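Okay, here's what each chain looks like letter by letter:
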Amino acid sequence: MKHSRLKQIVTLMLASLISQPVAYSAQLDSYTNDAITDFTLTDINKQIHHLADYRGKVVLINFWASWCTPCLLEMPSIKRLEQALKNQDFVILTLNTSDNPRRIRETLKRLQIDLTVLLDPDSKTLNAWQGSMLPTSYLLDRNGHIHYRAVGGMDWDDEEIILLINRLIQQP
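What you see as residue numbers is a count from 1 along each chain, following the sequence as written. The predicted nature of this model means local features are confined to residues of pLDDT at least 70 and side-chain atom pairs, given and counted, to a pLDDT of 80 or more, with totals for whole chains, interfaces and linings taken over all residues. With hydrogens and water excluded, all non-hydrogen atoms of the structure serve as input to the side-chain values.

**Q** Tell me what's going on with the sheet that holds strand β8 (residues 146-151), and back it up with residues and numbers.
**A** Each pair of strands is called paired provided DSSP finds at least two bridges between the two strands. Here a strand is any run of E in DSSP of at least two residues, a helix any run of H or I of at least four, and the numbering for each starts at the N terminus. Strand order in the open sheet made by the six strands is β1-β8-β7-β4-β5-β6, with mixed pairing throughout. Since the sheet does not close on itself, it has two edges, and those belong to β1 (29-30) and β6 (117-119), each with one partner. As paired elements, strand β4 (residues 58-64) and strand β5 (residues 90-96) share seven bridges and run parallel to each other. By the bridge assignment for β5, Trp64 is matched with Asn96. The contact definition used throughout considers only heavy atoms, calling two residues in contact when any of these lie within 4.5 Å. Inter-axis angles, ranging from 0 to 180 degrees, are taken between N-to-C directions of lines fitted to C-alpha atoms, where helices are fitted over the stretch in contact. Against the sheet, helix α3 (residues 101-111) touches β4, β5 and β6, its axis set at about 160 degrees to β6.

Written out as structure tokens, the structure reads:
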């Protein structure tokens, strides 16, 4: 089991290294997958979060790790996106795949960012959602259906992305 976990971490690290030179090369692509399931995860403050609790809101789910340079590069834009849409039916959940809560807090403090961080220490949720590298993000509508996926770093506060999210927010 330890060998399997090590192999998974090395694979994610290599994928992250490969994507580093093109941190903002990802694009938000249309994506649907009926296999995506609900999750129940604990945040860094030991509070439990169920994805189903966010129905009625548009949700951005962002998988990341502290050792992933593209993940860290996109974090400020994720925070700016959160601020831009703070009075909307929109929520951002970041899912950390490998760090302990202390390391996560240190990373967020260094970046001067405060986001909701859920723990996915065995990458079970990332794997269930068919994520193959970090960062990977999903944009869900109010009913919990995935509409878009981004593999690689994004500039999340881009005007076009904000307009796209606003269109999802306006849909019933």
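From this point on, the discussion continues.
**Q** Would you mind going over the side chain of Ser137 in detail, with residue names and values included?
**A** Within the secondary structure layout, Ser137 lies in strand β7 (residues 136-140). For this analysis, a polar contact is any N or O atom pair within 3.5 Å, provided that within protein one partner can donate a hydrogen and the other can accept it, and provided that sequence-adjacent residues contribute only side-chain to side-chain pairs. Of the polar contacts made by the side chain of Ser137, one reaches the side chain of Asn62; its length is 2.7 Å. Once residues lying within four places of it in the same chain are set aside, the contact partners of Ser137 are Leu60, Ile61, Asn62, Glu74, Tyr148, Arg149, Ala150 and Trp156.

**Q** Which residues make up the nonpolar core, and what values do they have?
**A** Residues belong to one nonpolar core when they are buried, are Ala, Val, Leu, Ile, Met, Phe, Trp, Tyr or Cys, and are joined through side-chain atoms within 4.5 Å. Remark: exposure states derive from per-residue accessible area (1.4 Å probe, protein chains only) relative to the maximum for the residue type, with buried under 20%, exposed over 50%, and partly exposed in between. Counting residues in each nonpolar core, the largest one holds 50 residues, and the members touching the most others are Phe90 and Leu139. Looking at this core, the elements with two or more residues in it are β4, α2 (69-84), β5, α3, β6, β7, β8 and α5 (159-170). If near-sequence neighbours (up to four positions away) are discounted, Leu139 is found in contact with Leu28, Val58, Val59, Leu60, Phe90, His145, Ile146, His147, Tyr148, Leu164, Ile165 and Leu168.

**Q** Residues and numbers for unusual backbone geometry, please.
**A** Residue Pro135 is bonded to the preceding Leu134 through a cis peptide linkage, with omega at -10 degrees. Tracing the chain through its elements places Pro135 in the loop between α4 (124-128) and β7. For Ser123, which is not glycine, the phi torsion reads 55 degrees and is therefore positive. Mapped onto the elements, Ser123 comes out in the loop between β6 and α4. We classify Ser123 as buried; its relative accessible area is 0%. At Gln130, a position not held by glycine, the phi torsion is positive, near 60 degrees. Relative to the helices and strands, Gln130 resides in the loop between α4 and β7. Taking relative accessible area as the criterion, Gln130 reaches 46% and is therefore assigned partly exposed.

**Q** Residues and numbers for the pattern of salt bridges, please.
**A** We count a salt bridge whenever a side-chain nitrogen from Lys or Arg sits within 4 Å of a carboxyl oxygen from Asp or Glu. A full pass over the atoms with the stated rule returns four salt bridges. Its salt-bridge partner being Asp157, residue Arg80 comes within 2.5 Å of it at the nearest N-O pair. With Arg80 in helix α2 and Asp157 in the loop between β8 and α5, this residue pair connects regions lying 77 residues apart in the sequence. Owing to a relative accessible area of 42%, Arg80 belongs among the partly exposed residues under this scheme. The closest approach of N and O atoms between Arg102 and Glu106, which form a salt bridge, is 3.2 Å. With Arg102 and Glu106 both in helix α3, this residue pair falls four residues apart, about one helical turn. By relative accessible area, which is 57% here, Arg102 ends up exposed.

**Q** Go over a negative patch on the surface with me, naming the residues and quoting the values.
**A** On the surface, Asp155, Asp158, Glu159 and Glu160 cluster together to form a negatively charged patch. Turning to its location among the elements, Asp158 is positioned in the loop between β8 and α5. For patches, a residue must show more than 30% relative accessible area and have no salt bridge; joins then use 9 Å for like charges and 5 Å for nonpolar side chains, namely Val, Leu, Ile, Met, Phe, Trp and Tyr. Here the open area of atoms and residues is found with the Shrake-Rupley method and a 1.4 Å probe, where only the protein chains shown may cover a residue. In this tally, Lys and Arg are treated as positive and Asp and Glu as negative; His is ignored, and so are the chain termini. Charge positions come from single atoms, namely NZ of Lys, CZ of Arg, CG of Asp or CD of Glu.

**Q** Give me the lowdown on α5, citing residues and values where you can.
**A** Here a helix's expected span is defined as the number of its residues, less one, multiplied by 1.5 Å. Taking 1.5 Å per residue as the helical rise, α5 with its 12 residues ought to reach 16 Å, and the 16 Å between its terminal C-alpha atoms agrees with that figure. For α5, the set of buried residues is Ile161, Ile162, Leu164, Ile165, Leu168 and Ile169. The arc enclosing the buried residues of α5, seen along the axis, measures out at 160 degrees, which places them on a common side. α5 presents Glu159, Glu160, Arg167 and Gln170 as exposed residues on the side facing more than 90 degrees away from its buried surface. At its buried positions, α5 is contacted by β4, α2, β5, β7 and β8. Between the side-chain oxygen of the N-cap and the backbone nitrogen of Glu160 there are 2.9 Å, and the N-cap of α5 in question is Asp158. Taking the helix axis as origin, the arc is that swept by the directions to the C-beta atoms.

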